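Here is how the chains run, residue by residue.
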Amino acid sequence: MTWDHLQSRLVNAGLLIHADRSMDHTTITGISQDSRKIQPGYVFVSIHGHAEHGSSYIHHALDAGAAIIVSEDERNDIPNLVQVTHARKACAIIAAAFYHDPGNSLHLTGVTGTNGKTTTATVLHHVFESTGTPTGLIGTVTCRTGHATYTSHLTTPDATELQPMLAEMVQSDCKACVIEVSSHALDQYRTGTLHFSTGIFTNLKQDHLDYHQTFEHYLSSKKRLFDGLPRHATAVYNQDDPAGDQIVKDTRAKKCSFGQNTKADIQFRIVEDSPRGLMLNLDGQTCQFRLAGTFNAYNLAAAYSAARVTGLGASDVINALSTAPPVSGRYEQYQCNDQTRIIIDYAHTPDALEQVLKSLHTSRRHPSQIWCLFGCGGNRDRLKRPLMGAIAENLADHVVITKDNPRRESAHSITQEILGGMQSPQHAHQIPCRSEAVRFVAQSCHPGDIVLLAGKGHEPAQLEHESSITMSDQQLVLDAFSAVSPAQLN
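So, a few notes on the structure that sits alongside this text. (Residues numbered from 1 in each chain as written. Predicted model: local features only at pLDDT ≥ 70, side-chain atom pairs only at ≥ 80, totals over all residues. Heavy atoms only, no water.)

A few words on the packing of aromatic side chains. Under the criterion given, the structure shown has four aromatic pairs. Between W371 and F440, the aromatic rings sit 6.3 Å apart at their centres with planes inclined by 75°, giving edge-to-face as the arrangement. Of the two residues, W371 sits in strand β19 (residues 370-374) while F440 sits in helix α15 (residues 434-444), which places them 69 residues apart along the sequence. (Phe/Tyr/Trp six-rings, centres within 6.5 Å; stacked < 30°, edge-to-face > 60°. Helix = DSSP H or I, 4+ residues; strand = E, 2+ residues; numbered from the N terminus.)

The following block contains the structure:
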């Protein structure tokens, strides 16, 4: 493909400021906004990042063989520079064009919200696959393109990684794709060229204020998915969430709400919530599901609603949902032979932690006690740390504060901010080393107690300073509790 084909898209979008026409017939072999991935013949898109500026890496990209540099900056010292008004939008547009707009060949469902995106997307993917529609999946835990599975590094990849995944799905004869769409991705136009047939809103709680600064900006970023839906699409949203109506207020799409609220288009009622899973009355049908927890009732209802608006029959969708397994690191349960129950959950926001702990209260049997082991990520929203400390103190009998992913922050400072939200911080156990903290809980808890390891979920490593240390909560549990033989439930 030559540059003039890609550049014409920028012209049509009104993004092009300046380009040398002598570059028109330059052969393009790839596109990236990461200078480390540049190969000869690539387009390098210089992005004004949240923490770093892409212009710092232009010479690295040129040294690696970049044929075209796309930037918002006017740089007379850079050969083959294409100046645009908005580099992120330009990146999404030329990436889609280079890969021949694969999203146009797929029924696209976008899932956004603070909590529940991964489970909702994964369960909906399971429904589509189980009912005969080959479907791709792009999300926080994994990406599946039909014939291949990749470990995810971002909830929503940047456009230069997203588009080739969609192209691979088309080549693998996928007919649909379910995509987790983060607020960062919406704010940065990573999915700006995609035409979603369905948008799903799960909920809106405090998170990512380190990036968005205000809750209003966070909300408006989520809302962008629904504002961009075409008339023939459907906006599926949580009627019980205070932000639900506002999120879909300006959409042109049809609306379908779900919730326990009697105003919801698709209603559900929790019949039973046990460690073995939920029994729900969902849209008039009562069924047993493998997922447990009230929050998962909402995820199941969201997936059910999104599947139904595509035309799938109610019974077919319910049957498929009933076989959907729990998602790795999302309320992942282990039962020990002394009746101790261990839950690994990604809960890293105040609301998520509160919902998981409340769910554990509904299923515990006295005199069992609840242990909550967690930390907070470094270089992320600091305002949620004391909130999570208060929630853990109020809802758990024992609190153990340890490292999550400290990144470039002091783990001690993070702990102090968590303790700042507690009424009696002296009662919390502070054990910085996560493996030691899990061993402490294993040695201290009593048979029948409930142990929650929160914050890391599916993550296979711990990030501290410039290091990535191999560490999974799953392995920590198997090692620390080996004497009582933990086995996965569901």
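In the structure shown here, the tally under the stated rule is 15 salt bridges. A salt bridge links R75 to D77; the nearest nitrogen and oxygen atoms lie 3.0 Å apart. By relative accessible area, D77 is classed as partly exposed at 46%. Across the pair E417 and R382 runs a salt bridge, and its minimum N-O distance is 2.3 Å. You can see E417 sitting in helix α14 (residues 411-419) and its partner R382 sitting in the loop between β19 and α13 (384-395), a full 35 residues away along the chain. Judged by relative accessible area, which is 49%, R382 ranks as partly exposed. Ionic contacts of the salt-bridge type, sharing partners, join the residues R382, R385, E409 and E417 into one network. (Salt bridge = Lys/Arg side-chain N within 4 Å of Asp/Glu carboxyl O. Buried < 20%, exposed > 50% of the residue type's maximum accessible area, 1.4 Å probe, protein only.)

Moving on, we come to the nonpolar core. Soluble, globular proteins show a tendency: their nonpolar side chains are buried together. Counting 35 residues, the largest nonpolar core has L124, L282, F289, L300 and L321 as its most contacted members. Contributions of two or more residues to this core are made by α4 (117-130), β13 (254-259), β14 (266-274), β15 (277-282), α10 (294-308) and α11 (314-322). A total of nine residues in this core trace back to one element, the largest contributor, which is α10. In this view, F289 contacts R276, G277, L278, L280, L282, L300, I318, L321 and S322; residues no more than four positions away in its chain are not counted. (Core = buried A, V, L, I, M, F, W, Y, C linked by side-chain atoms within 4.5 Å. Contact = heavy atoms within 4.5 Å.)

If you walk across this open sheet you meet the five strands as β1-β5-β4-β3-β2, and the pairing is mixed. One side of each edge strand has no neighbouring strand; the edge strands of this open sheet are β1 (16-18) and β2 (30-32). Across the sheet, the mean angle separating the axes of adjacent strands is 25° when strand polarity is ignored. Here strand β4 (residues 68-71) pairs with strand β5 (residues 81-84) via three bridges, running parallel. (Pairing = 2+ DSSP bridges. Axes fitted to C-alpha atoms, helices over the stretch in contact; angles between N-to-C directions.)

Before going further, it helps to examine the sheet that holds strand β18 (residues 341-345). The seven strands lie next to each other as β21-β20-β19-β22-β18-β17-β25, forming an open sheet whose pairing is mixed. Two strands lie at the open edges of the sheet, namely β21 (429-430) and β25 (487-488), each paired on one side alone. Its contacts with the sheet put helix α12 (residues 350-363) on β18, β19 and β22 (450-454), and the angle it makes with β22 is roughly 165°. In the packing of α15 onto the sheet, contacts are made with β19, β20 (398-401), β21 and β22, and the angle to β19 comes to roughly 175°.

The next subject is the side chain of R88. Counting through the fold element by element, R88 comes out in helix α3 (residues 87-98). Comment: no salt bridge for buried R88; closest opposite-charge side chain is D187, at 6.6 Å. Polar contacts involving the side chain of R88 include one to the side chain of Q188, which spans 3.4 Å. (Lys, Arg positive; Asp, Glu negative; His and termini not counted. Polar contact = N/O pair within 3.5 Å; in protein donor to acceptor, adjacent residues only side chain to side chain.)

All quantities given are derived from atomic positions and should not be read as evidence of function.
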